[in-house]
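The residues making up each chain are set out below.
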Amino acid sequence: MYLPLKEGVAGLDRDQFEKLKKLTLEARQLAYAPYSKFRVGCCLVAEGDEYYTGANVENASYGATICAERTTIVKAVTSEPKPKWVCLAIAGDSLESCISPCGICRQFIREFATQDFPIVMFNGDGSQVRVRTLKELLPLSFGPEDLAF
Ligand SMILES: O=c1ccn([C@H]2C[C@H](O)[C@@H](CO)O2)c(=O)[nH]1
Ligand SMILES: [Zn+2]
């Protein structure tokens, strides 16, 4: 359903997909990663051709680190008017393979996205792309509806 490249990704046309890739790779420049030196860029696309970007922000107390995905999502969630999410993409620096969101970020995405929300993963130069739905990355998940008892 969410075919990359030729068909674009999840409602993105070719130009939007190329823009998503560019912004995701560029967002790595925003990383504050003096400890791991592992830069991650993220871009969230919202309806109306809106793009939110972010990168990982580390801390001397390592556990306080915020991933690129959460940095980006927090920007979008605290924006007005509330963006309607279309898809989210991430990229690390490795040319060998795509990275995928950590468990905390998968749960963080879960709070705001639908089960079929597409998550796009690029390798370091965007020559590889992998797309999975939230449900594929986080099956049998726990979310806001589960608290509505
Ligand atoms: O999907 C990921 C995986 C890791 N990181 C960050 C956290 C930390 O700063 C560094 C190494 O784990 O990469 C992200 O931002 N997103
Ligand atoms: Zn994470």
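This text follows the structure it describes.
From a predicted model like this one, the values you see are computed outputs, not experimental measurements.

Caption draft 1: Representation of the coordination of the zinc ion (ligand 2) within the structure. Looking at the zinc ion (ligand 2), one finds its protein donor set to be Cys67 (SG), Cys102 (SG) and Cys105 (SG), positioned 2.2 to 2.3 Å from the metal centre. Sequence positions of the residues that donate to the zinc ion (ligand 2) give the spacing C-x34-C-x2-C. Taken as a pair, cysteine 67 in the loop between β2 (50-55) and α2 (68-77) and cysteine 102 in the loop between β3 (85-91) and α3 (103-110) lie far apart in primary sequence, 35 residues in all. With a relative accessible area of 30%, cysteine 102 lands in the partly exposed category.

Caption draft 2: Spotlight on the sheet that holds strand β1 (residues 41-46). Taking strand neighbours across the sheet as the criterion, the five strands line up as β2-β1-β3-β4-β5 in an open arrangement whose pairing is mixed. In this open sheet, the two strands that pair with only one neighbour each are β2 and β5 (129-133). Looking at each pair of strands side by side, their axes are set apart by 20° on average, direction ignored. In this structure, strand β4 (residues 118-122) lies alongside β5, joined through five bridges in antiparallel fashion.

Caption draft 3: Main features of the state of the cysteines. What the rule picks out here adds up to zero disulfides. For the unlinked cysteine cysteine 43, the closest cysteine sulfur is that of cysteine 42, found at 7.0 Å. The exposure class of cysteine 43 is buried, given its relative accessible area of 0%. Cysteine 98 takes part in no disulfide bond, and the closest cysteine sulfur to it belongs to cysteine 42, at a distance of 14 Å. Note on cysteine 98: relative accessible area 12%, which makes it buried.

Caption draft 4: Quick peek at the environment of alanine 27. Note on placement: alanine 27 falls in helix α1 (residues 14-27). Exposure remark for alanine 27: the relative accessible area of 3% places this residue in the buried category. Between the C-alpha atoms of alanine 27 and glycine 41, which are 14 residues apart in sequence, the distance is 4.5 Å. If we ignore the near neighbours within four places in the chain, the residues touching alanine 27 are Gly41, Cys42, Thr53, Gly54 and Ala55.

About the cut-offs
Residues numbered from 1 in each chain as written. Chains lettered and ligands numbered in written order. Predicted model: local features only at pLDDT ≥ 70, side-chain atom pairs only at ≥ 80, totals over all residues. Heavy atoms only, no water. Donors = N, O, S within 2.8 Å, 3.2 Å for Na, K, Ca; no water. Helix = DSSP H or I, 4+ residues; strand = E, 2+ residues; numbered from the N terminus. Buried < 20%, exposed > 50% of the residue type's maximum accessible area, 1.4 Å probe, protein only. Pairing = 2+ DSSP bridges. Axes fitted to C-alpha atoms, helices over the stretch in contact; angles between N-to-C directions. Disulfide = S-S within 2.5 Å. Contact = heavy atoms within 4.5 Å.

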